[in-house]
Amino acid sequence: MKIWLDGGLQDMESARVSVFDHGLTVGDGIFETVKAVEGRPFALTRHLDRLARSARGLGLPEPDLDEVRRACAAVLDANPMPLGRLRITYTGGYGPLGSDRGEHGPTLLVALGASARRPDSTAVITVPWTRNERGALTGLKTTSYAENVVALARAREQGASEALFANTVGQLCEGTGSNVFVVLDGEIHTPPVASGCLAGITRALAVEWTDARETDLPLDVLERADEVFLTSTLRDVQGVRRIDGRQLPGVPGPVTTKAMRVFEERAGNDLDP
């Protein structure tokens, strides 16, 4: 396996990042996960735009997006596979053992891992912890992911693949690595970015392609929604068959099924929408 680090391809087994890298010591970094189909990245331009926004939000130097594109292409060419998870990580680089940044410049790492097509439906849980819709990192895709690790571990313990958060005012927000949509009386709704959720790439495309509405939703909407589905880079559109103890019949339902079909068709016709 070849990865991109320090300006070129390296063997995964021998590649090294400093133990003083700020991404390791204090989580001072950002990342993007890009779906790669037969060596071709999906929606890469949108992902790179968000990478740059996250860098500005975190106060990191502007990433060289041309270099990132070259790195992605090199890694994909070096590691052929049918379906892959392309991970772009960009950190504050070598720094002191504290929150202050060093002067050595950022670290860019691009790696690829094999993936498999997700099932059409899944189970989710809700968790008691909240997203802070007014936090310093709200809306940024950062490497500070520990609360997602904790929530996802609880989901796995309960036979689910995702955990859903409310925000601090009790509104439905997002999953650990996904956005959530609900169907009410035949209409598709999803929490607005102001709820504190990440502006997901797949979320944005699903909103565009299904005419979904961005709506402030209480968390208990999950108890009465006709259908629920998740979106993310590797889930695309995925129906939800169980939420906590509630079983949803006939999953994926008709609205979710149509959204899945539309997304697959539109994504298949344009790899960089």
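Moving on to the environment of Arg 203. Inspection of the secondary structure assignment puts Arg 203 in helix α5 (residues 201-210). Distance in space between the C-alpha atoms of Arg 203 and Thr 233 is 9.0 Å, their sequence separation being 30 residues. Look past the residues within four positions of Arg 203 in its chain and what remains in contact with it is Asn 179, Phe 181, Thr 190, Pro 191, Pro 192, Val 193, Cys 197, Leu 198, Glu 214 and Thr 231. A polar side-chain atom of Arg 203 sits 2.4 Å from a polar atom in the side chain of Glu 214.

Moving on, we get to the packing of α5 against helix α6 (residues 254-269). Look at α5 against α6: their axes get within 10 Å of each other, and the N-to-C directions meet at 105 degrees. The angle between α5 and α6 falls in the class roughly perpendicular. Judged by residue contacts, Thr 202, Leu 205, Ala 206, Trp 209 and Thr 210 of α5 engage Ala 259, Val 262, Phe 263, Arg 266 and Ala 267 from α6. When its residues are assigned to classes, the contact of α5 with α6 shows 7 nonpolar, 2 polar and 1 charged.

With that settled, the discussion passes to the packing of helix α2 (residues 44-58) against α5. Between α2 and α5, whose axes approach to 10 Å, the crossing angle comes to 125 degrees. In terms of orientation, α2 lies oblique with respect to α5. For the pair α2 and α5, the crossing hand works out as right-handed. Along its contact with α2, which presents Arg 46, His 47 and Arg 50, the element α5 presents Ile 201, Ala 204, Leu 205 and Glu 208. Each residue belonging to the contact of α2 with α5 can be placed in one class, and the counts come to 3 nonpolar, 1 polar and 3 charged.

Here the focus is the packing of aromatic side chains. For the structure shown, the criterion picks out 5 aromatic pairs. Between Phe 42 and Phe 263, the aromatic rings sit 6.3 Å apart at their centres with planes inclined by 65 degrees, giving edge-to-face as the arrangement. Pair noted here: Phe 42 is in the loop between β4 (40-41) and α2 and Phe 263 is in helix α6, with a separation of 221 residues, a long-range link. The same class applies to Phe 42 as to Phe 263, namely buried. Residues Phe 181 and Phe 229 carry aromatic rings whose centres are separated by 4.9 Å and whose planes lie at 10 degrees to one another, so their mutual orientation is stacked. Residue Phe 181 is found in strand β10 (residues 179-184), and its partner Phe 229 is found in strand β13 (residues 227-232); the two are separated by 48 residues along the sequence. Here Phe 229 falls in the buried class, since its relative accessible area comes to 1%. Grouping aromatic residues by their ring pairs yields a cluster made of Phe 42, Trp 209 and Phe 263.

Reading the values: the criteria
Residues numbered from 1 in each chain as written. Predicted model: local features only at pLDDT ≥ 70, side-chain atom pairs only at ≥ 80, totals over all residues. Heavy atoms only, no water. Helix = DSSP H or I, 4+ residues; strand = E, 2+ residues; numbered from the N terminus. Contact = heavy atoms within 4.5 Å. Polar contact = N/O pair within 3.5 Å; in protein donor to acceptor, adjacent residues only side chain to side chain. Axes fitted to C-alpha atoms, helices over the stretch in contact; angles between N-to-C directions. Parallel < 35°, antiparallel > 145°, perpendicular 65-115°, else oblique. Nonpolar A, V, L, I, M, F, W, Y, C, P; charged D, E, K, R; others polar. Left-handed = near helix turned anticlockwise from the far one by under 90°. Phe/Tyr/Trp six-rings, centres within 6.5 Å; stacked < 30°, edge-to-face > 60°. Buried < 20%, exposed > 50% of the residue type's maximum accessible area, 1.4 Å probe, protein only.

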